[in-house]
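Geometric and topological summary
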Amino acid sequence: MTVSPLAVTGALHFTAPVFPDDRGFFGTPLQAGLFAETTGRPLFPLAQASYSRSRRGVVRGVHYTAAPPGAEKYVYCAHGALLDIVVDIRVGSPTYGQWDAVRLTGDQMDALYLPVGVGHAFVALTDDAVMQYLLSREYDPADERAVSVLDPRLGLPVGNPAGHDLSERDRAAPTLEQAREAGLLPDYARCRAIEVRNLRDAPARAAGGR
């Protein structure tokens, strides 16, 4: 497994090998020991695994969890293809307002790690595109927030707005500046403190120990 940083501070792009044969292929998008070896820290305590299935043209996001409580995420595409987008909405972050995008497919073992407070969005590039989420906290709708994926100041690579298939919630989401003025955005220092707490709660594991 290899790891490379994204343009958003703390966000990471993982790539694991794929082993094809005449039956299909086998791959492992996450190994806790290799996560620790490549990042120098253990994987966050896993509280929930979820997935979504989307038809071509669906856009989801930009979603985030209020911090506190905050949530770390590890995401990958289990089927089809997606353009996955991470957005730094943490006030005080050195990369606040910046984003990065990675094409994820079910034929590859690429995955993304999102720190606490980072926004997440994606565009489904195929029918039956499946996004898999591993989360450090169980879902609570009271803590879920959204910033507009169509915010022109963010300029996210989501294509022609007229062709978007968005939920009503996402279509009505505030811009980044509106969310900041309303005090809805996560604070960078507070997000980092939550990550440190998660590290304390994670099972003891020497970096790379398996």
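Calculation rules
Residues numbered from 1 in each chain as written. Predicted model: local features only at pLDDT ≥ 70, side-chain atom pairs only at ≥ 80, totals over all residues. Heavy atoms only, no water. 1 Å grid on protein atoms, 1.4 Å probe; cavity = no way out; pocket = protein on both sides within 12 Å on 5 of 7 lines; lining within 4 Å. Points joined across faces, edges and corners; volume = space filled by probe spheres on them. Helix = DSSP H or I, 4+ residues; strand = E, 2+ residues; numbered from the N terminus. Nonpolar A, V, L, I, M, F, W, Y, C, P; charged D, E, K, R; others polar. Pairing = 2+ DSSP bridges. Axes fitted to C-alpha atoms, helices over the stretch in contact; angles between N-to-C directions. Contact = heavy atoms within 4.5 Å. pLDDT = per-residue confidence, 0-100.

Describing the layout of surface pockets
Of the pockets and cavities examined, the largest pocket occupies roughly 550 Å³. Lining the largest pocket are 28 residues, with His 63, Tyr 133, Tyr 139, Glu 144 and Arg 169 sitting closest to its centre. Looking at the lining of the largest pocket, the elements that each hand over two or more residues are strand S5 (48-54), strand S6 (59-65), strand S11 (119-124), strand S12 (129-135) and helix H2 (168-171). Broken down by class, the residue content of the lining of the largest pocket amounts to 10 nonpolar, eight polar and 10 charged. Empty space within the second largest pocket amounts to approximately 190 Å³. Contributing to the lining of the second largest pocket are 14 residues, with Gly 10, Arg 41, Tyr 113, Arg 192 and Glu 195 lying nearest its centre. Where the lining of the second largest pocket is concerned, the elements lending two or more residues are helix H1 (32-39) and helix H4 (188-201). Sorting elements by how many residues they give to the lining of the second largest pocket places H4 first, with five residues. A class-by-class count of the residues in the lining of the second largest pocket yields seven nonpolar, three polar and four charged.

Thoughts on the sheet that holds S5
Taken in spatial order, the six strands line up as S1-S2-S10-S7-S12-S5 in an open sheet, and their pairing is antiparallel. With one partner strand each, in any of the chains shown, strand S1 (2-5) and S5 form the two edges of the open sheet. Sheet twist, expressed as the mean angle between neighbouring strand axes with direction ignored, is 25 degrees. Contacting S1, strand S2 (12-16), strand S7 (73-79) and strand S10 (109-114), H1 runs over the sheet at an angle of about 130 degrees to S2.

Digging into the confidence of the model for the protein
On average, residues of the protein carry a pLDDT of 91, and 95% of them reach 70 or more. Taken together, the stretch residues 204-210 has pLDDT below 50 and engages in 12 contacts with residues farther than four places along the chain or on a different chain.

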